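Below, each chain spelled out in residue letters.
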Protein chains: 2
Amino acid sequence: MNKTLIIVLTLVLIISCGREKQNHSNFDSSKMMIRLSEIEIEPEYLEEYLSVLKEESKASVELESGVISIYPMYQKENSNQIRILEIYADIKAYLAHLETPHFKHYKTTTLKMVKSLKLIDMSAIDEETMPLIFKKI
Amino acid sequence: MNKTLIIVLTLVLIISCGREKQNHSNFDSSKMMIRLSEIEIEPEYLEEYLSVLKEESKASVELESGVISIYPMYQKENSNQIRILEIYADIKAYLAHLETPHFKHYKTTTLKMVKSLKLIDMSAIDEETMPLIFKKI
């Protein structure tokens, strides 16, 4: 095995490992936008709604670096009650999210399915521990 | 620089980088316990409550491998309204959490501060995307 190749390989690994750890400091936690969305769905549309929401939240987390979390859940005892934990790196990331094709598709498709919608702005109680919970921080 | 040393260093880096990525498959998502706790605090105890909760949630995430998320927030427009996103690897991790000194301290200390408490069991809508959001999955 060539010695130069080994040195190059070592350097590449050091740099790539380092990058993974650097992610921690990518965000300024004081600028984050945190929201708990409370959504009630018309029962006849539930299955269709869940499928559209799943597609939209997956695309947002996969494609948008500023979307730290769009994590959708439903209540076990009342599956029409949806809750979404949304965390954006900052207001810019949130506004960019509203302009994406996947969000626009979700919004127009699900308009008739939503019975009620509350967007509740939240504050983190412990911003320092968030990097231990969320991957992109 | 010694060639053997370079080879050893390369192997150590490959193994340590690989380990970081293996974390993804540590949990069986079908066994996860997901909960949104809705807690209202007596206003006169709010500051004290936040301090105890912060300490408890930080210790849980730092010390318990089965605690994927204990993420506490308060409503911006009504700071007495606390919400906590709790995700445990499985029921065993949850039961172990209840026995930790930090949880027991939280529970006994905050009993008089809590005006109301609702523990709402949730289901994830997209388990497959959770590893992109949560660090320990």
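Only a predicted model underlies this, so the values are computations on that prediction, with no experimental measurement involved. Every residue gets a number counted from 1 within its own chain, in the order that chain's sequence is written. In the order they appear in the text, chains get letters beginning with A and ligands get numbers beginning with 1. Per-residue local features of the predicted model are confined to residues with pLDDT of at least 70, and side-chain atom pairs are confined, for both listing and counting, to 80 or more; whole-chain, interface and lining totals are unaffected and use all residues.

Before going further, it helps to examine the overall build of chain A. Every helix listed is a DSSP run of H or I at least four residues long, and every strand listed is a run of E at least two residues long, numbered separately from the N terminus. When helices and strands are counted, chain A shows five helices and four strands. Going from N to C terminus, chain A has its helices and strands arranged as α-β-α-β-β-α-α-β-α. Here the C-beta atoms are placed from the backbone, and a residue counts as buried if at least 20 other C-beta atoms lie within 10 Å of its own, exposed if 12 or fewer do, and partly exposed otherwise. The buried share of chain A, taken over its 137 residues, is 26%. We call two residues in contact when the distance between their C-beta atoms, placed using the backbone, is within 7 Å. Restricting to contacts in chain A with at least 6 residues of sequence separation, those with at least 24 account for 71%.

When DSSP finds at least two bridges between two strands, those strands are taken to pair. A barrel is described by the order of its strands in space; here eight strands give the closed sequence S1(A)-S3(A)-S2(A)-S4(B)-S1(B)-S3(B)-S2(B)-S4(A), paired in antiparallel fashion. Pairs of neighbouring strands in the sheet enclose a mean axial angle of 35 degrees, with direction left out of account. Sheet analysis places strand S1 (residues 33-41) of chain A next to strand S3 (residues 78-88) of chain A, joined by eight bridges and oriented antiparallel. In the sheet register, Glu-38 of chain A faces S3 of chain A, and the bridge partner there is Arg-83 of chain A. Under this scheme, a helix contributes an axis fitted over its contacting stretch, all axes are lines through C-alpha atoms, and angles between N-to-C directions fall in the 0 to 180 degree range.

We now examine the pairing of strand S1 (residues 33-41) of chain B. Each regular strand displays side chains that alternate between the two surfaces of the sheet. Relative to strand S4 (residues 114-124) of chain B, S1 of chain B runs antiparallel, the two being bridged by eight bridges. By the bridge assignment, Ile-34 of chain B is partnered in S4 of chain B with Met-122 of chain B.

Residues and elements named next belong to chain B. When you line up the elements, Pro-131 lands in helix H5 (residues 130-133). What makes Pro-131 partly exposed here is the crowd of 18 C-beta atoms within 10 Å. Measuring from C-alpha to C-alpha, the distance between Pro-131 and Ile-120 comes to 23 Å, with eleven residues separating the pair along the chain.

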